[in-house]
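# Structural overview
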Amino acid sequence: MSQSPLRQLALFAFLIPVGATGLLGALQYYSWGGTVTPISSAASVPDNSAKSLDPEGIDRLVNRMNGRPTLKPLPEAKEVWECEVVVLGGTMGGVSAAAQSMRSGAKTCLIELTPWLGGQISSQGVSALDESVSMNARGNLSPDWIDFKRLVKDQQVEVPPWTNLASPQNTSDLNSCWVATLCFLPKAGEQASEQWLQQAATQSPESKWTTSTAFKGATFDPTGRLITSVYAVRRIPKNPGYVPLGRPSKELPVWYSWSPNDQFDKVPMRLQPPAGKQMIVIDATDTGEFLGWAGIPYRLGSEGRSTTSEYFASQQDNPDCTQAFTFPFGLGILDDGKASQQLLAQVQPGYPKAEHRAYFDMEGFPMFGSASVFNYRRILSTTSNDSRSDDPAPGDISMLNWNRGNDWPFMDPPLILNEKQITELGQHENWLGGLSLSALRHGEEHALLFAEWLMETQSKPGLPMTYLYGIDMPMGTASGLSMMPYIREGRRMLGRNGYGQVEFMLREADIRTDMRGGRDFRPTAIALTHYPIDMHGCRYRNQSETWEASSAPLKDEHLIKPIYIPLEAIVPQEVDNLLIGGKSIAASHIVNGATRLHYGEWVIGGAAGATAGWLANYNRRPNHPYLLPPEIIRKNYIGELQTKIRERGFTLDW
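What counts and how
Residues numbered from 1 in each chain as written. Predicted model: local features only at pLDDT ≥ 70, side-chain atom pairs only at ≥ 80, totals over all residues. Heavy atoms only, no water. Disulfide = S-S within 2.5 Å. Helix = DSSP H or I, 4+ residues; strand = E, 2+ residues; numbered from the N terminus. Buried < 20%, exposed > 50% of the residue type's maximum accessible area, 1.4 Å probe, protein only. Pairing = 2+ DSSP bridges. Axes fitted to C-alpha atoms, helices over the stretch in contact; angles between N-to-C directions. Contact = heavy atoms within 4.5 Å. pLDDT = per-residue confidence, 0-100. Core = buried A, V, L, I, M, F, W, Y, C linked by side-chain atoms within 4.5 Å. Salt bridge = Lys/Arg side-chain N within 4 Å of Asp/Glu carboxyl O. Polar contact = N/O pair within 3.5 Å; in protein donor to acceptor, adjacent residues only side chain to side chain.

### Some words on the state of the cysteines
Tallied over the full model, the rule gives 3 disulfides. What pairs with Cys83 in a disulfide is Cys109, and their sulfur atoms sit 2.2 Å apart. Taking the sign of the torsion about the S-S bond as the criterion, the disulfide between Cys83 and Cys109, at about -95°, is left-handed. Residue Cys83 is located in the loop between β1 (79–82) and β2 (85–88), and its partner Cys109 is located in strand β3 (residues 108–111); the two are separated by 26 residues in the primary sequence. The burial state of Cys83 is the same as that of Cys109; both residues are buried. Here Cys177 connects covalently by a disulfide to Cys183, the sulfurs 2.0 Å from one another. Disulfide Cys177 to Cys183: torsion about the S-S bond roughly 85°, handedness right-handed. A relative accessible area of 6% means that Cys177 is categorised as buried.

Structure representation (structure tokens):
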């Protein structure tokens, strides 16, 4: 479809003054006064713009006819990328998807909101890889994953001078933790993700990717079933010394805005297929941004037993109850004279400080020594002692991602905006991320207060702890918090008719050995993963009923079947050229607890990318009708696709 030449840049701007610089500036949020005005969405930020010059172009008219959201404003694109495959989100799933698509030879484009590629292992700070012990023992982790891990281990990373180590250091020489076989500085994850794409791009030299770029929406054909273009906005810092705040509650309104301000120049972008072709779009965002923006059927929060027929489901649905999210941070064995602790003491949270502190608990673990909290996710060790039993040494760094610590489980308000809220806030027309800024703010404050509490209550003589913040520290932010939270669960798509369900989704019995009624997904499997059901629950501040599936978590992974992800789990309803490449697959709230981890996200994203790349190659064949994802099974191409996925280095056999 031709694009309208009439689009004009909307002339509006909203500014959020940064105010003070450094950690204290990053900690401040509008005001530290006693009264906090709840802010549930970026739409709450006043728009002091001039009237937008936004004529109704062809795309706008078509979207009005087909019932899809109408972008308003819709600026003229300053950059137009031609793509056979578009990947939204440079998460673990997104990096894996884009690499597999490029290795198929497809012209691939990827956009990532934050300045770092890698999602969980970089911008979200969870740089300790979760893997199935059983898969490791059986040696059936995918070769593609093993190659990526090796790339992470081989990274040379800069280390702070106070570690008394020469810089740079090899990541494998710093690795000493007991939660996983590989823990590392987040920068190593970012560097490895970039190099992974560079290697893959040798097989698709015209492919492109960019960070610091927000998804804004899309246009469709007249039927509303085919995406014809994707819109995004890239931000370019005006200050070459720009450092992310690590306070997305404050940054997201600016990051998603079309308009430049005193911090950033903005580049409106359009991603579209080459002339005469169609494209495949992969939603690899952790929250299912495309699903939320376009209003494609999805589930949110916990489901009741009457909805999913799961044994350990709650008594009723609660869309508010997504798993807790976390802002990781770094603590170092360093004596700074309690300077960082005193800075954190200035945080004045929206909820009473005592309420935050009542949640903190070491859960029976010591801070130092054998099987300690510090060693659990130690991402930099200055010695080569045993990871589980030794006391840390001066210069060691631990990444904190602790259940009864910086987890934010409270639903006052929920993090993920639902369809009603998205509509009321106008985000279908002007997408701003689909997250509650108020929830983000509370989660940020909770993490900062947990860091203060740890230094105050857990430091020991000879083992003083310092909160690490700034561009040269683990999270690379002024606040010391990760650039974005680790989001365990967002929107989960509803599949089409398959395996006896009108709206397909993986359910509890499908992944447990001790339950009847599980289905065999091997005939259409495109990914294989395995992990215990690891759920971080939800709460209300007034202790009212949460309707969480509180009995569903399962630590014994021997009771978990091999989790086969069928093609039906990544093909959403209503749109025919969209795939899911991460956490938003068609899975219940309970099953999400076993598929959301690093390895699961990686293989799901890789399968989506391999599928999209295979389709791009298929559709270049002369005298063949165009093939779309929903037709692969119906037209009996699933065997050919599975063969290609295996060739791409992914295991489909337990």
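### Observations regarding the sheet that holds strand β8 (residues 227–237)
Spatially, 4 strands are ordered β1-β9-β8-β7 in an open sheet, and the strand pairing comes out mixed. Whereas interior strands pair on both sides, the edge strands pair on one side only; in this sheet they are β1 and β7 (213–220). Ignoring which end each strand starts from, the neighbouring axes of this sheet average 25° apart. Here β8 runs beside strand β9 (residues 264–272); their pairing, made up of 8 bridges, is antiparallel. Among the inter-strand pairings, Arg234 is bridged to a residue of β9, identified as Val267.

### Re the pairing of strand β17 (residues 465–468)
The alternating pattern of β17 places Met465 and Tyr467 and Thr466 and Leu468 on opposite faces, both of which are buried. As paired strands, strand β13 (residues 329–333) and β17 are joined by 4 bridges and run antiparallel to one another. In the strand pairing of β17, Gly330 is matched with Leu468.

### Points about the sheet that holds strand β14 (residues 378–380)
An order of β14-β15-β13-β17 is seen for the 4 strands of this open sheet, with the pairing classed as antiparallel. Looking along the sheet, the strands with just one partner apiece sit at the ends: β14 and β17. The average angle at which neighbouring strand axes cross in this sheet is 35°, direction not considered. Of the strand pairs in this sheet, β13 and strand β15 (residues 397–400) are connected by 4 bridges, and their pairing is antiparallel. Looking at β15, one finds that Gly332 is bridged to Ile397. The strands that helix α15 (residues 437–458) touches are β13, β15 and β17; relative to β17, the one it contacts most, it runs at about 165°.

### Some thoughts on the confidence of the model for the chain
Per-residue confidence for the chain gives a mean pLDDT of 91; residues scoring 70 or more make up 90%. A low-confidence stretch, residues 1–21 (pLDDT under 50), is modelled with 71 contacts involving residues beyond four sequence positions or located in other chains.

### As for unusual backbone geometry
A cis amide bond, omega 5°, links Ser167 with the succeeding residue Pro168. Structurally, Pro168 is set in the loop between β4 (156–157) and β5 (169–170). Of note, Asn164 is a non-glycine position whose phi angle comes to about 60°, a positive value. Take Asn164: its relative accessible area is 69%, and that puts it in the exposed class. Of note, Ser309 is a non-glycine position whose phi angle comes to about 65°, a positive value. If you trace the backbone, Ser309 turns up in the loop between α10 (305–308) and β12 (325–326).

### Structural notes on the nonpolar core
In globular proteins that are soluble, nonpolar side chains generally tend to be buried together. Grouped together as the largest cluster of nonpolar side chains are 181 residues, with contacts concentrated most on Ile227, Val230, Phe290, Phe329, Leu454, Ile526 and Ile570. Residue contributions to this core peak at 12 residues, all from helix α18 (residues 598–618). Excluding its chain neighbours within four sequence positions, the residues that come into contact with Ile526 are Ile565, Pro566, Leu567, Ile570, Ala607, Ile638, Leu641, Ile645 and Leu652.

### Re the environment of Phe148
With respect to the helices and strands, Phe148 occurs in helix α5 (residues 143–153). For Phe148, a relative accessible area of 2% gives the class buried. Separated by 18 residues in sequence, Phe148 and Ala166 place their C-alpha atoms 25 Å apart. When near neighbours in sequence (up to four residues on either side) are disregarded, Phe148 contacts Met92, Ile121, Ala192, Ser193, Trp196 and Trp602.

### A word on the pattern of salt bridges
Tallying each qualifying case throughout the model produces 33 salt bridges. With a closest N to O distance of 3.5 Å, Lys277 and Glu84 form a salt bridge. Here Lys277 is found in the loop between β9 and β10 (280–283), whereas its partner Glu84 is found in the loop between β1 and β2, with 193 residues between them in sequence. Its relative accessible area of 38% is what places Lys277 among the partly exposed residues. For Lys149, the salt bridge identified is with Glu131, shortest N-O distance 2.9 Å. Taken together, the residues span a long stretch of sequence, with Lys149 in helix α5 and Glu131 in the loop between β3 and α4 (133–138) at a distance of 18 residues. Note on Glu131: relative accessible area 10%, which makes it buried. Overlapping salt bridges, with partners in common, bring together Lys353, Arg357, Glu452 and Glu456 in one network.

### Topic: the side chain of Ser588
With respect to the element layout, Ser588 can be found in the loop between β21 (578–580) and α17 (589–595). A residue is classified by how much of its surface remains accessible, and Ser588, at 0% relative accessible area, is buried. A distance of 2.6 Å separates polar atoms of two side chains, one belonging to Ser588 and the other to Glu310. What Ser588 contacts, discounting residues up to four positions off in sequence, is Glu303, Glu310, Arg492, Met505, Leu506, Arg507 and Glu508.

### Quick look at the pairing of strand β19 (residues 525–529)
With 5 of 5 residues buried, β19 is to be regarded as a mostly interior element. Relative to strand β20 (residues 563–566), β19 runs antiparallel, the two sharing 4 bridges. Among the inter-strand pairings, Thr529 is bridged to a residue of β20, identified as Ile563.

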